[in-house]
Amino acid sequence: QVQLIESGGGLVQTGDSLRLSCAASEPTFSSRAMGWFRQAPGNSREFVAAINWNGGATYYADSVKGRFAISRDNSKNTAYLQMNSLKPDDTAVYYCAGRSGLFIRTTADEYQYWGQGTQVTVSS
């Protein structure tokens, strides 16, 4: 059973930065594309960013492009989401997701493994 454990969320002010981490429990991490999604109260889960199996390709939602950066360290079975210039609209529970495939996808139903989520709150 694949386990994904997120960390790094918290309460910050507008303009601050946070780095989320997603640690995977299994050695096949390096053969999975990884993604980050978020869900604000009353909203559906939305795509934020994704990275392919070796970190050679990334993709971002327009709302975070230029502010967020996804990366991975396959030697540590960990994916990251660096979030800069945070805005109140970024407030949400952030979920790490892994898929049984090498390449990027942007829809939640193409990811088979999910973390428990970490809360990010940005105050104005």
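Higher on the page you've got the structure.
Keep in mind the model is a prediction, meaning the values are calculated, not measured.

Points about the overall build of the protein
When helices and strands are counted, the protein shows zero helices and 11 strands. In the protein, the order of α-helices and β-strands from amino to carboxyl end is β-β-β-β-β-β-β-β-β-β-β. For a compact globule of 124 residues, the expected C-alpha radius of gyration is about 14 Å, and the protein comes in at 13 Å, within 12% of that figure. Considered along the principal axes of its C-alpha atoms, the protein spans approximately 40 × 25 × 25 Å. Counting the 124 residues in the protein, one finds 43% classified as buried.

Digging into the nonpolar core
By size, the foremost hydrophobic cluster in this structure holds 32 residues, and its most contacted members are M34, W36, V48, F68, L81, M83 and Y94. Of all the elements in the fold, those that place two or more residues in this core are β3 (18-24), β4 (34-39), β5 (46-51), β7 (68-73), β8 (78-83), β9 (92-98) and β11 (118-123). Considering every element that reaches this core, the biggest residue donor is β5, with five residues.

So, the state of the cysteines
Scanning the model with the defined rule gives one disulfide in all. Across the disulfide, C22 is cross-linked to C96 (sulfur-sulfur distance 1.9 Å). Its S-S torsion of approximately -70 degrees makes the covalent link between C22 and C96 left-handed. With C22 in strand β3 and C96 in strand β9, this pair connects stretches of sequence that are 74 residues apart. C96 shares its class with C22; the two are buried.

Overview of the pairing of β11
Covered by surrounding structure in β11 are T118, V120 and V122 only, the residues Q119, T121 and S123 on the alternate face being uncovered. In terms of strand pairing, strand β2 (residues 10-13) meets β11 through four bridges, oriented parallel. When the sheet's bridge partners are listed, L11 is paired in β11 with T121. Pairing geometry for β9 and β11, over three bridges, is antiparallel. Looking across to β11, one finds that Y94 is bridged to T118.

So, the environment of F68
With respect to the helices and strands, the residue F68 is situated in strand β7. A C-alpha to C-alpha distance of 13 Å links F68 and A79, two positions 11 residues apart in sequence. Once you skip the residues sitting within four places of it in the chain, F68 turns out to touch R38, V48, Y60, L81, Q82, M83, N84, L86, D90 and Y94.

A short note on the pattern of salt bridges
For the structure shown, the criterion picks out six salt bridges. Between R38 and E46 there is a salt bridge, with its nearest N and O atoms 2.6 Å apart. The partner of D90 in a salt bridge is R38, and the shortest N-O contact between them spans 2.9 Å. Here D90 is found in the loop between β8 and β9, whereas its partner R38 is found in strand β4, with 52 residues between them in sequence. Linked through salt bridges whose partners overlap, the residues forming this network are R38, E46, R67 and D90.

The rules behind each value
Residues numbered from 1 in each chain as written. Predicted model: local features only at pLDDT ≥ 70, side-chain atom pairs only at ≥ 80, totals over all residues. Heavy atoms only, no water. Helix = DSSP H or I, 4+ residues; strand = E, 2+ residues; numbered from the N terminus. Rg over C-alpha atoms; globule rule 2.2 N^0.38 Å. Buried < 20%, exposed > 50% of the residue type's maximum accessible area, 1.4 Å probe, protein only. Core = buried A, V, L, I, M, F, W, Y, C linked by side-chain atoms within 4.5 Å. Disulfide = S-S within 2.5 Å. Pairing = 2+ DSSP bridges. Contact = heavy atoms within 4.5 Å. Salt bridge = Lys/Arg side-chain N within 4 Å of Asp/Glu carboxyl O.

Purely geometric stuff here, so don't read any function into it on its own.
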